[in-house]
Amino acid sequence: MDITRLSPDDEAGVAAAVALKTAAAKLDCPDLVVGTPKGLANALRYGWDLNPGLEYLAHDADGTLVGSVGLHFPKYENTDQVWFDIWVHPDHRDGNVWAELAAFAEAEAVGAGRTMMGLNTFDTPQDLAHAIEHGYQQKAIEVNRKQDIAGLDWSLVQSLYDGAVAKSAEYELLRIKGPLPDEMVDGMIAVVASINDAPTDDLEIEDDVFSPERLRAYEEAQAKCENTTYRLVARQKETGALAGHTVIAVERERPEQGWQHDTAVSRDHRGHRLGALLKAGMLLWLREEEPQLTRVDTWNAESNNHMIGINEQLNYTVVARFLDFQKKL
């Protein structure tokens, strides 16, 4: 099997990779939103925050594309780890392609001096069996949910918002489209870092580390990936302290599709229903700014009952479960 790195400038290769993933998702998870060729190329150039992953395509002896593997090398924390995902075409699922791609990923990790592998897969019997066979231990479960914007009961959204407003009178909401104002960046670091309080189950991972440079890198990457970011920030009126935020990115290529990037409330500001205030407030804002938006996707740890409870009130339904595994090399 020939395994070669995919360049974001290889239009044919990027299109073939998307076609492969679309075929796999059609079998494993028909409701999963797969990226477009343009979206994949941008992801390979810029990533989430200017630390893009690598994608490799696997062709058999006849030149047929049979699988792909994506590798991500964390650079801010967890620098001992490599995270990867494998896609195998439905016509080539005898286990051999998966095994070769996993071995390739591990060899790349060793070559980079990394000692821990992280694997993310669909929650399917075959992926679970492959992971266990190759020495991986399941550590966490993530759930992808979608929000049907077109089917939202806006009276319920308004009621949730009004109820949260009544419990959070000492706070105000700031709407920020695109990059943060310079004067807010330092104050946002602690708010963004509050995401570290979200459950990680049994994963052996360090807390995310944030800095002004990383926040700006995220904003730059999202803009270059042609996503419009909407950030709603809760600020305490009396002190001016930033207390929580939520961020949604809307694709410009597919403006009906949005992605929930983050929702977090600082520990010392919890208990005021700020999570509900932010989530409902964001929807009311997006109804004004992005009326064509019909779907927003989010991921949460299956054990994150608090956030899931809010999401379910806002018309989120399960798309798929994903399994997170780790293996020490």
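Further up the page is the structure itself.
The model shown is predicted, which means the values in this text are computed figures rather than measured ones.

Here is what the cut-offs are and how they apply
Residues numbered from 1 in each chain as written. Predicted model: local features only at pLDDT ≥ 70, side-chain atom pairs only at ≥ 80, totals over all residues. Heavy atoms only, no water. Salt bridge = Lys/Arg side-chain N within 4 Å of Asp/Glu carboxyl O. Helix = DSSP H or I, 4+ residues; strand = E, 2+ residues; numbered from the N terminus. Buried < 20%, exposed > 50% of the residue type's maximum accessible area, 1.4 Å probe, protein only. Phe/Tyr/Trp six-rings, centres within 6.5 Å; stacked < 30°, edge-to-face > 60°. Lys NZ or Arg CZ within 6 Å of the ring centre and 35° of its normal. Pairing = 2+ DSSP bridges. Axes fitted to C-alpha atoms, helices over the stretch in contact; angles between N-to-C directions. Contact = heavy atoms within 4.5 Å.

### Re the pattern of salt bridges
Reasoning step 1: This structure, assessed with the given rule, holds 24 salt bridges.
Reasoning step 2: For the salt bridge of arginine 235 with glutamate 172, the shortest nitrogen-to-oxygen distance reads 2.9 Å. A residue pair is termed long-range when its members are at least 10 positions apart, and arginine 235 in strand 8 (residues 227-236) and glutamate 172 in strand 7 (residues 171-177) qualify at 63 residues.
Reasoning step 3: With a relative accessible area of 27%, arginine 235 lands in the partly exposed category.
Reasoning step 4: Notably, a salt bridge pairs glutamate 219 with arginine 216, separated by 2.7 Å at the nearest N-O pair. Here arginine 216 and glutamate 219 lie together in helix 7 (residues 212-224), a separation of 3 residues that amounts to about one turn.
Reasoning step 5: Classification of glutamate 219 by relative accessible area gives buried; the value is 9%.
Reasoning step 6: Judged by relative accessible area, arginine 216 falls into the partly exposed class, the value being 26%.

### Considering the packing of aromatic side chains
Reasoning step 1: Counted under the stated rule, the structure contains 7 aromatic pairs.
Reasoning step 2: Arranged with centres 5.4 Å apart and planes meeting at 45°, the rings of tryptophan 48 and tyrosine 218 form a pair that is tilted. With tryptophan 48 in the loop between helix 2 (37-46) and strand 2 (54-59) and tyrosine 218 in helix 7, the pair connects residues that are 170 residues apart, well separated along the chain.
Reasoning step 3: Classification of tyrosine 218 as buried rests on a relative accessible area of 10%.
Reasoning step 4: The structure contains a cluster of three or more aromatic residues connected by ring pairs, namely Trp87, Phe122 and Phe322.
Reasoning step 5: Taking the ring centre of phenylalanine 210 as reference, the NZ or CZ of arginine 214 above it sits at 5.1 Å.
Reasoning step 6: One cation-aromatic arrangement involves arginine 287 over tryptophan 154; the distance from NZ or CZ to the ring centre is 4.4 Å.

### A look at the sheet that holds strand 2
Reasoning step 1: Within the open sheet, the 12 strands sit side by side as 1-2-3-4-5-12-6-11-10-9-8-7. Their pairing is mixed. Each edge of the open sheet is held by one strand with a lone partner, namely strand 1 (2-5) and strand 7. Strand-to-strand twist in this sheet, taken as the mean axis angle between neighbours without regard to direction, amounts to 25°.
Reasoning step 2: Note that strand 2 and strand 3 (residues 65-72) share 6 bridges and pair antiparallel. In the strand pairing of strand 3, glutamate 55 is matched with glycine 70.
Reasoning step 3: On the sheet, helix 7 packs against strand 8, strand 9 (242-251) and strand 10 (257-265) and is oriented at approximately 145° with respect to strand 8.

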